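Understanding the architecture of this molecule
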Amino acid sequence: MTIYVPVDGATLLEGTPVVGSVDEINAIGRFAQDVASDAMQYAADVQNARFTLGSEKSTALATLSTKISEFLLPGANTVFRAASDAKSALDAYASEVDRIHDSAERTRQGVDDALSEIHQCTVQIESIAAVIRVETPYEWSVGAPGVMPQPQLGSQARDLDADQRELAVQHLHSMHEHEWMRAASIWQAALVSIQDAKTTWSNLIEERRRAEERLIGALDDTAIGQLLNVSSDSAEARTFTIAVTISGELWGTSEDAPETKKSHPLLTKLLGTESGERTWDHPPDPETVAVNWAALEPVERERLINEVPWVVGNLPGLPYGVRDAANRKMVEFYQQHPQAMTPEQLQLLADIREILKLEADQEEQFGEGRPPIQLVALDMTSEVPKTAVGYGDLDTVTHTTWQVAGMNSDAHLALEGWDEASRHVYSAQNKVSGFSGSTATVAWLGYDAPNSPVTGDFGVLSVDAARAGAPRFAAELEGAHAARSAGESGVPEVNVLAHSYGTTLATFALTLIGEDHPVDSLTMLGSAGLDTEKVPSYEVLRVRELTAGQKAIFTTHASGDHLAPFGAGFPGRGQPNPDARDPFHLYLQSPVYAGGLSFSSEGDPSQNLEETDGHSTIGEGDRPGIVGMSASEGHGYLDVRTQSLDTVAKITTGLIDPDLRRSFTRTEGMCVEAITGVDGTVTPIRVRCEAE
């Protein structure tokens, strides 16, 4: 029986990473470059025209000069930047595709070569089998046995005695065994090679998918991409949006974006004044808001939602379904008038639309959103746009977790990552609680977060941003209590989960809320240090006790995260994690808070839980960033299957099992003293506080 062997390796490889050609990508890149060049030339021509008009005087020319300054020049620059960014993204994509195509061709050729070897081996095995008179019932994909079968003698050997027969068999065995074993071994090696090639092929398909995602993301992040994302779906609407944003008009038709309405006569019943101007920075008492809202007629509530959605959407104390409805109206408003929005606002709006689109797609596919989305807050009126997005029904759940982001977490920069982190938390909480849908989590990006020092912004070393943002976050916590107290489902357990510089802000906010309704837990991940002036000890934080004398304050720090202790130590902020270390020993400048319950983020193989190996909540890349500035893929504090996420889910649902409870370590307080050496060098050291 002849053993069948495929002749084309391509039939063994599922799917393909080879789509299109690099030449096609480069052609698009050249088009983007031409657009950038045309935009640059146009800007130069318009600039020259403005200089020429500057010497002339008339109302019409003054109007034209204004249009040049306010629309045409900025618009040309916008097109230039967008086209240049697109060209860079396409070049990077072309390079990736070229590499993937080359690797795919080598992989496919490797499979062909392996099949050729297998075919040669089958011919050799069949030839030997014919001589030794045995069957070859072997599949090409399994191979021949490494031990040659016992040779059989033909009819001509029937006259031989037993010793002669044995000698003949041994002779056949010695003549062909080595060749058989060699062919079988090569066959098996070729099969391993094919299996490795299949794995490589699958990886290349995944790499191609990721490369395409990066390209789409980069194109979406350009100014033109953002305008396309926030515009209505029709071609006419997109054309109008881009034209009006870039040039101020389309074929002589323009549209000024109306002001965001912040006053209304009915607001007097709700706020005691017609103006809701101060709703974000100085929100009114949430309990009063909740009582006043309940007293309004249904038609009055509907009018406020429709006519002053910015105020209603950002008002702590109102039901979250009401705030969500109002904020979705603001999304529609901004979508219809994107021409007045900044690039930061456009980016945030594009990200919000993606989240809402995903919710709609899930609802169509599964019959309900997974999880349901609620826009808790949305403010596009300040220089830094702000938002808060809820995952789960905040009006009915039994457990709510408010997440506070840290450095580099302005809403337009961080919503995408915190959307992923929030979904991880939501999923882990529901898994712990039996998929009961009783939990909700909120990604709170409601302040002007400090940027990384590598950008020249050293705000993370100051507490100013935390002190500025804390009152708004405190108002949201107060609002959560007021809204649910006035509702039919009762007050849920409220948990705070803070990361990095978010712990600085959250702890300050927890000194501002009422003593009569503290939060049920505070969990700090990779803390960048607490403000020791506002938070001299955990006693001032409005957090319930887990047991008598023990507040429900939990903290963790990954040993690979060297950024957090640096951020706390450099300005001397208080450290919740006594074991946090940085390579520069700045951690010694941080006093350590007593009384927190520390848990591990180092992974637990017995439960198949991964370690956290860097500072970020969601990891990316093959390895952690330098000095642990970022975690690797799958190893952020809130990545799926990490020990830190698993523990967070149990803490925030109140389902702390005995093993986890036993693993907690209560932190002991440490103070900082300065030791002066004989050479006058001052060195900080940690010592046990006298009060301890």
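Note that the structure is predicted; figures quoted are calculated from it, not measured.

Definitions and cut-offs
Residues numbered from 1 in each chain as written. Predicted model: local features only at pLDDT ≥ 70, side-chain atom pairs only at ≥ 80, totals over all residues. Heavy atoms only, no water. Helix = DSSP H or I, 4+ residues; strand = E, 2+ residues; numbered from the N terminus. Buried < 20%, exposed > 50% of the residue type's maximum accessible area, 1.4 Å probe, protein only. Polar contact = N/O pair within 3.5 Å; in protein donor to acceptor, adjacent residues only side chain to side chain. Contact = heavy atoms within 4.5 Å. Core = buried A, V, L, I, M, F, W, Y, C linked by side-chain atoms within 4.5 Å. Axes fitted to C-alpha atoms, helices over the stretch in contact; angles between N-to-C directions. Parallel < 35°, antiparallel > 145°, perpendicular 65-115°, else oblique. Left-handed = near helix turned anticlockwise from the far one by under 90°. Nonpolar A, V, L, I, M, F, W, Y, C, P; charged D, E, K, R; others polar. Disulfide = S-S within 2.5 Å. Salt bridge = Lys/Arg side-chain N within 4 Å of Asp/Glu carboxyl O. Pairing = 2+ DSSP bridges. Phe/Tyr/Trp six-rings, centres within 6.5 Å; stacked < 30°, edge-to-face > 60°.

A word on unusual backbone geometry. The backbone of Asn408 sits at a positive phi, close to 60°, despite the residue not being glycine. Turning to its location among the elements, Asn408 is positioned in the loop between strand S3 (399-404) and helix H12 (411-432). Given a relative accessible area of 34%, Asn408 falls into the partly exposed group. With phi around 60°, His585 is a residue other than glycine that occupies positive phi space. Mapped onto the secondary structure, His585 falls in the loop between helix H15 (563-569) and strand S10 (597-598).

What follows deals with the side chain of Lys262. Mapped onto the fold, Lys262 is located in the loop between helix H5 (235-247) and helix H6 (267-271). A distance of 3.5 Å separates the side chain of Lys262 from the side chain of Glu277, its partner in a polar contact. Those residues in contact with Lys262, other than ones at most four positions away along the chain, are Leu267, Glu274, Ser275, Gly276, Glu277, Val308, Trp310, Val311 and Thr381.

A word on the environment of Ser438. Note that Ser438 resides in the loop between H12 and strand S4 (439-445). With 330 residues separating them in the primary sequence, Ser438 and Arg108 have C-alpha atoms 50 Å apart. Once residues lying within four places of it in the same chain are set aside, the contact partners of Ser438 are Val397, Thr398, His399, Asn430 and Ser433.

Structurally, His517 is set in the loop between helix H14 (501-509) and strand S6 (521-525). Within the structure, His517 has its side chain in polar contact with the side chain of Glu478 (distance 2.3 Å). Once you skip the residues sitting within four places of it in the chain, His517 turns out to touch Glu287, Glu478 and His481.

Judged by nonpolar contacts, the single largest core of 111 residues is most densely connected at Leu270, Trp402 and Phe473. Sequence-distant contacts of Trp402, that is, excluding residues within four places in its chain, are made with Tyr320, Val376, Val442, Trp444, Phe473, Glu476, Leu477, Ala480, Val494, Asn495, Val496 and Leu497.

A few words on the packing of helix H13 (residues 464-485) against H14. Remark: H13 packs on H14, axes separated minimally by 8 Å, with the N-to-C direction vectors making an angle of 55°. Here H13 lies oblique to H14, going by the angle between them. Handedness of the crossing formed by H13 with H14: right-handed. For the pair formed by H13 and H14, the contact residues are Asp464, Ala465, Ala466, Arg467, Gly469, Ala470, Phe473 and Ala474 on the first element and Tyr501, Thr504, Leu505, Ala506, Phe508 and Ala509 on the second. Its residues assigned to classes, the contact of H13 with H14 shows ten nonpolar, two polar and two charged.

Turning next to the state of the cysteines. Tallying each qualifying case throughout the model produces one disulfide. In this model, Cys671 is linked to Cys689 through a disulfide, with the two sulfur atoms separated by 2.0 Å. Around the S-S axis, the bridge from Cys671 to Cys689 shows a dihedral of about 115° and counts as right-handed. Residue Cys671 is located in strand S12 (residues 670-676), and its partner Cys689 is located in the segment after strand S13 (682-688); the two are separated by 18 residues in the primary sequence. Among the residues examined, Cys689 registers a relative accessible area of 15% and is labelled buried.

Right, let's get into the pattern of salt bridges. By the definition in use, this model includes 26 salt bridges. We note a salt bridge from Lys262 to Glu277, for which the minimum N-O separation is 3.5 Å. Placement of the pair is Lys262 in the loop between H5 and H6 and Glu277 in the loop between H6 and helix H7 (286-295), with a sequence separation of 15 residues. For Glu277, a relative accessible area of 49% translates into the label partly exposed. One salt bridge connects Arg303 with Glu307, and the closest N-O pair in it is separated by 3.2 Å. Within this pair, Arg303 and its partner Glu307 are both found in helix H8 (residues 298-307), separated by four residues, close to a single helical turn. Classification of Arg303 as partly exposed rests on a relative accessible area of 39%. On the basis of relative accessibility, which here comes to 28%, the residue Glu307 falls in the partly exposed class. Salt bridges linked by common partners bring Glu206, Arg209, Arg210, Glu213 and Glu633 together as one network.

Here we come to the pairing of strand S1 (residues 373-379). Burial analysis of S1 places seven of its seven residues in the buried class, which makes it a mostly covered element. Linkage of S1 to strand S2 (residues 386-391), two consecutive antiparallel strands, is achieved through a turn of six residues.

What follows concerns the sheet that holds S6. Reading across the sheet, the nine strands line up as S1-S2-S4-S3-S5-S6-S9-S10-S11 and stay open at both edges, with mixed pairing between neighbours. Each having just a single partner strand, S1 and strand S11 (665-666) make up the two edges of the open sheet. Pairing analysis gives two bridges linking strand S9 (residues 553-556) to S10, with the strands arranged parallel. Bridging across to S10, Thr555 finds its partner in Ser598. Sitting on the sheet, H13 touches S1, S3, S4 and strand S5 (493-499), and the angle it makes with S3 is about 175°. On top of the sheet, H14 reaches S3, S4, S5 and S6; it is set at about 140° to S5, its chief contact.

One pass over the full model with this rule turns up nine aromatic pairs. Taking the centre distance of 5.8 Å and the plane angle of 5° together, the rings of Trp444 and Tyr447 count as stacked. The same class applies to Trp444 and to Tyr447, which are both buried. Taking 5.3 Å as the distance between ring centres and 55° as the angle between the ring planes, the aromatic pair formed by Phe554 and Phe664 counts as tilted. Taken together, the residues span a long stretch of sequence, with Phe554 in strand S9 and Phe664 in the loop between helix H17 (658-663) and S11 at a distance of 110 residues. We note that Phe554, like Phe664, is buried. Feature note: the residues Trp402, Trp444, Tyr447 and Phe473 constitute an aromatic cluster, connected by ring pairs.

In terms of burial, S2 is a largely internal element, six of the six residues being buried. Residues Lys386, Ala388 and Gly390 line one face of S2 and the alternating positions Thr387, Val389 and Tyr391 line the opposite face, and both faces are buried. As paired strands, S1 and S2 are joined by six bridges and run antiparallel to one another. Each residue of the ladder has a partner; that of Leu378, found in S2, is Thr387. With five bridges joining them, S2 and S4 adopt antiparallel strand pairing.

By themselves these figures say nothing about function.
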